Amino acid sequence: MTEWFSNLDFLSKLYWSVATVGSLVFIVVMIMAFAGGDADDLGDVDTDIDSDAGAGFHFISFKNLVGFFTIFGWSGIACIDAGLSTPLTIIISVVCGLMMMVIMAALFYFINKLSDSGTLNYKNALDAVGEVYLTIGADRSSMGKVSVNVQGTVRELDALTDSQTPLKSGTIIKVVDVTSNGILIVDHTRKPIEPTLTEYETLQQGQNNLLENK
């Protein structure tokens, strides 16, 4: 193995070294990324293209640079084996490396977007109607819990109230505000929650009223 490597020319040695080291680091980075770790904690310089959604599109990062050098090395080896000239080999390997950076940046961008979409945003609880689960003290004297539907899921969240009377368990409430640390401010619903009558039930109710009047 050592003799084979020593017999290579400088460009081949360069590409084989970059490809080998890059592949090993790439495997470690991918394992860390998909196992829940953050490979960028190893040190990166991020160039962000920020979207309105808040998720950054990281083009220059540690993960992406590892991907660049890995594909740069292997594409260069492929070009040398194909007998291409040195300038053409360098151009193709650089282009392939940059394409890999774009692919990886897009991949992790969409993974982060999917992750962010599942994160609870307490502001989405505003105006939601729910029920007191644990009694809430009057005038924010003690914290309780309420069950409300937020982002399509019923959740039990901490809550306070400005009401001058305690909100006991089972009280129907409405979320009127959310504090900066995610505590809901709730109050009694101003109108009772009643089931909506169907057209058939409305007609039936009207007929019953007519019979009663007769």
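Residues numbered from 1 in each chain as written. Predicted model: local features only at pLDDT ≥ 70, side-chain atom pairs only at ≥ 80, totals over all residues. Heavy atoms only, no water.

Caption draft 1: View of a nonpolar patch on the surface. On the surface, Ile60, Leu65 and Phe69 cluster together into a nonpolar patch covering about 230 Å² of accessible area. As for its position among the elements, Ile60 is in the loop between β2 (56-58) and α3 (62-81). On the basis of relative accessibility, which here comes to 33%, the residue Ile60 falls in the partly exposed class. (Patch = residues over 30% accessible without salt bridge, like charges linked within 9 Å, V, L, I, M, F, W, Y side chains within 5 Å. Areas by Shrake-Rupley, 256 points an atom, 1.4 Å probe, with all protein chains shown as cover. Salt bridge = Lys/Arg side-chain N within 4 Å of Asp/Glu carboxyl O. Helix = DSSP H or I, 4+ residues; strand = E, 2+ residues; numbered from the N terminus. Buried < 20%, exposed > 50% of the residue type's maximum accessible area, 1.4 Å probe, protein only.)

Caption draft 2: Region of interest: the sheet that holds strand β5 (residues 153-161). Spatial strand order, β3-β4-β5-β7-β6: five strands in a closed barrel with mixed pairing. Averaged over neighbouring strand pairs, the angle between their axes works out to 55 degrees when direction is ignored. The sheet contact formed by β5 and strand β7 (residues 184-188) spans three bridges and is parallel. By the bridge assignment, Ala159 is partnered in β7 with Leu184. (Pairing = 2+ DSSP bridges. Axes fitted to C-alpha atoms, helices over the stretch in contact; angles between N-to-C directions.)

Caption draft 3: Looking closely at unusual backbone geometry. A positive phi angle, close to 50 degrees, is found at Asp139, a residue other than glycine. Within the secondary structure layout, Asp139 lies in the loop between β3 (129-134) and β4 (144-150). Judged by its relative accessible area of 47%, Asp139 falls in the partly exposed class. Positive phi, close to 60 degrees, is recorded for Arg140, a residue that is not glycine. Inspection of the secondary structure assignment puts Arg140 in the loop between β3 and β4.

Caption draft 4: Molecular detail of the nonpolar core. Counting residues in each nonpolar core, the largest one holds 15 residues, and the members touching the most others are Ile136, Val146, Val148, Ile173, Val175, Leu184 and Val186. Mapped onto this core, the elements with two or more residues apiece are β4, β5, β6 (172-178) and β7. Apart from the residues lying within four places of it in its own chain, the contact partners of Val175 are Ala125, Leu126, Asp127, Ala128, Val148, Leu184, Ile185 and Val186. Of all hydrophobic cores here, the second largest spans eight residues; its members include Tyr15, Ala19, Phe68 and Ile77. (Core = buried A, V, L, I, M, F, W, Y, C linked by side-chain atoms within 4.5 Å. Contact = heavy atoms within 4.5 Å.)

Caption draft 5: Geometry of the pattern of salt bridges. For the coordinates displayed, the defined rule picks out two salt bridges. Here Lys145 ties to Asp158 by a salt bridge, and the two come within 2.8 Å at their closest N and O atoms. One end of the pair, Lys145, is in strand β4; the other, Asp158, is in strand β5, and 13 residues separate them in sequence.

Caption draft 6: Representation of the packing of aromatic side chains within the structure. Enumeration according to the criterion identifies five aromatic pairs in this entry. A ring pair is formed by Trp4 and Trp16, whose centres lie 5.2 Å apart and whose planes are at 80 degrees; its orientation type is edge-to-face. Taken together, the residues Trp4 in helix α1 (residues 2-6) and Trp16 in helix α2 (residues 10-34) connect sequence positions twelve residues apart. A ring pair is formed by Phe68 and Phe69, whose centres lie 5.1 Å apart and whose planes are at 80 degrees; its orientation type is edge-to-face. Chaining the aromatic ring pairs together yields one cluster made of Tyr15, Phe68, Phe69 and Phe72. (Phe/Tyr/Trp six-rings, centres within 6.5 Å; stacked < 30°, edge-to-face > 60°.)

Caption draft 7: Structural view of the environment of Leu84. Secondary-structure assignment places Leu84 in the loop between α3 and α4 (86-117). On the basis of relative accessibility, which here comes to 33%, the residue Leu84 falls in the partly exposed class. Residues within four places of Leu84 in sequence aside, it is in contact with Cys79, Thr89 and Ile92.

Caption draft 8: Expanded view of α3. A rise of 1.5 Å per residue sets the reference length of α3, with its 20 residues, at 28 Å; its end C-alpha atoms lie 29 Å apart and thus fit the reference within 8%. Within α3 the residues assigned to the buried category are Lys63, Asn64, Val66, Gly67, Phe68, Thr70, Phe72, Gly73, Ser75, Gly76, Ile77 and Cys79. Downstream of α3 by a residue or two, Gly83 has a phi angle that is positive, lying close to 80 degrees. (Expected span 1.5 Å × (residues − 1).)

Shape descriptors only; they carry no functional weight alone.
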